Amino acid sequence: MRRVLFVILLLAGCGASDEAAKHVAQGKTLLAEWKYEAAAAELSKATALDKGSMDAWLQLGHAYRGLKKYDAALAAYVAAKKIDRHSVAPHLAHAKVQLELARVEQATSELNLVVEMDHKNLEALILLGQVSQLPHKLPDGTTGVSRASLERAELNLQAATSLAPHNAEANYELARVSQKLGKAEQAAAAWRQLESLAATDAAAVVLLKWKEHK
């Protein structure tokens, strides 16, 4: 009898997991269409059916982020992190929300965790390069950007351009931080690389236009 009950419970669990996967798939489709409200509804069903699905919580966080419901998004990403502590995706997503909320220190902590787990994570390296150039509270109580912070940005962006020499955003950010540090030759080299990329990369063209307007 116990064996029969175990089999019934096992089958029920599998059925719920399969149903949750369907809701996750539908939620992803809706996210791709920017239908965040509908996506949140589908993905909430998925997490209710399978609370142990990291992907369901991650995608639910994306839906809430799209709706600018940041507290709910962060809670969903935290749930995803608890399920799979070795996955960089929820940490990266969590950092992006913190950036949107201008929480520089929290975003930096999350991104540092990502790089610790995956030192070749290009997106995290570029984001660290960007966030380290943002104003934050300094030890003397003022707000600004220290040279040490700019140097950390430089290191991360040098790593990014080493990993992906043809990445337009990495070269753009390296050029910017090099100028702030007074490293004219390094800045010029990064700008030349970006100009070279603009021949075939639309993103490089856009970034060069931003440079002209700054």
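Structure: see above.
1. Topic: the side chain of Ser 132
Line of reasoning, step 1. With respect to the helices and strands, Ser 132 occurs in the loop between α7 (122-131) and β1 (136-137).
Line of reasoning, step 2. Apart from the residues within four sequence positions on either side, Ser 132 is in contact with Val 145, Ser 149, Leu 150, Arg 152 and Ala 153.

2. Considerations on the pattern of salt bridges
Line of reasoning, step 1. The tally for this structure, following the rule as stated, stands at eight salt bridges.
Line of reasoning, step 2. Residue Asp 55 pairs with Lys 28 through a salt bridge whose shortest N-O separation is 2.8 Å. Here the residue Asp 55 occupies a position in helix α3 (residues 54-66), and Lys 28 occupies one in helix α1 (residues 2-32), the gap between them amounting to 27 residues.
Line of reasoning, step 3. Looking at Asp 55, the relative accessible area reads 25%, which means it is partly exposed.

3. Some details on the packing of aromatic side chains
Line of reasoning, step 1. One pass over the structure, following the stated rule, counts two aromatic pairs.
Line of reasoning, step 2. Both rings, one in Tyr 172 and one in Trp 210, keep their centres 6.4 Å apart while their planes meet at 70°; by these two values the pair is edge-to-face. Of the two residues, Tyr 172 is situated in helix α9 (residues 168-180) and Trp 210 in helix α11 (residues 202-212); the sequence distance between them amounts to 38 residues.
Line of reasoning, step 3. In this structure Tyr 172 comes out as buried when scored by relative accessible area, which is 3%.
Line of reasoning, step 4. Judged by relative accessible area, which is 48%, Trp 210 ranks as partly exposed.

4. Side note on the packing of helix α4 (residues 70-83) against helix α5 (residues 88-100)
Helix-helix packing is characterised by the crossing angle of the two axes and by the distance between the axes.
Line of reasoning, step 1. Where α4 contacts α5, the two axes come as close as 9 Å, and the packing angle between them is 160°. When the interaxial angle is binned, α4 and α5 end up roughly antiparallel. Judged by the twist between their axes, the crossing of α4 over α5 is left-handed. Counting all contacts with α4, which are made through Tyr 70, Ala 73, Leu 74, Tyr 77, Val 78, Ala 80 and Lys 81, the residues of α5 involved are Pro 90, His 91, Ala 93, His 94, Val 97, Gln 98 and Glu 100.
Line of reasoning, step 2. Tallied by class, residues from the contact of α4 with α5 come to nine nonpolar, three polar and two charged.

5. What to know about the nonpolar core
Line of reasoning, step 1. Ranked by internal contacts, the top residues of the largest apolar core, which has 22 residues, are Ala 39, Leu 43, Leu 58, Leu 60, Ala 63, Tyr 77 and Val 97.
Line of reasoning, step 2. Sequence-distant contacts of Ala 39, defined by excluding residues within four places in its chain, comprise Gly 27, Leu 30, Leu 31 and Ala 63.
Line of reasoning, step 3. Listed in part, the 18 residues of the second largest apolar core include Ala 175, Leu 181, Leu 207 and Leu 208.

6. Some points on the packing of helix α10 (residues 184-197) against α11
Line of reasoning, step 1. Their axes nearest at 8 Å, the elements α10 and α11 cross at an angle of 135°. When the axes of α10 and α11 are compared, the pair comes out oblique. Once α10 is placed against α11, the crossing between them reads as left-handed. The segment α10 lies against α11, with Trp 191, Leu 194, Glu 195 and Leu 197 engaging Ala 204, Leu 207, Leu 208 and Lys 211.

Conventions adopted
- Residues numbered from 1 in each chain as written.
- Predicted model: local features only at pLDDT ≥ 70, side-chain atom pairs only at ≥ 80, totals over all residues.
- Heavy atoms only, no water.
- Helix = DSSP H or I, 4+ residues; strand = E, 2+ residues; numbered from the N terminus.
- Contact = heavy atoms within 4.5 Å.
- Salt bridge = Lys/Arg side-chain N within 4 Å of Asp/Glu carboxyl O.
- Buried < 20%, exposed > 50% of the residue type's maximum accessible area, 1.4 Å probe, protein only.
- Phe/Tyr/Trp six-rings, centres within 6.5 Å; stacked < 30°, edge-to-face > 60°.
- Axes fitted to C-alpha atoms, helices over the stretch in contact; angles between N-to-C directions.
- Parallel < 35°, antiparallel > 145°, perpendicular 65-115°, else oblique.
- Left-handed = near helix turned anticlockwise from the far one by under 90°.
- Nonpolar A, V, L, I, M, F, W, Y, C, P; charged D, E, K, R; others polar.
- Core = buried A, V, L, I, M, F, W, Y, C linked by side-chain atoms within 4.5 Å.

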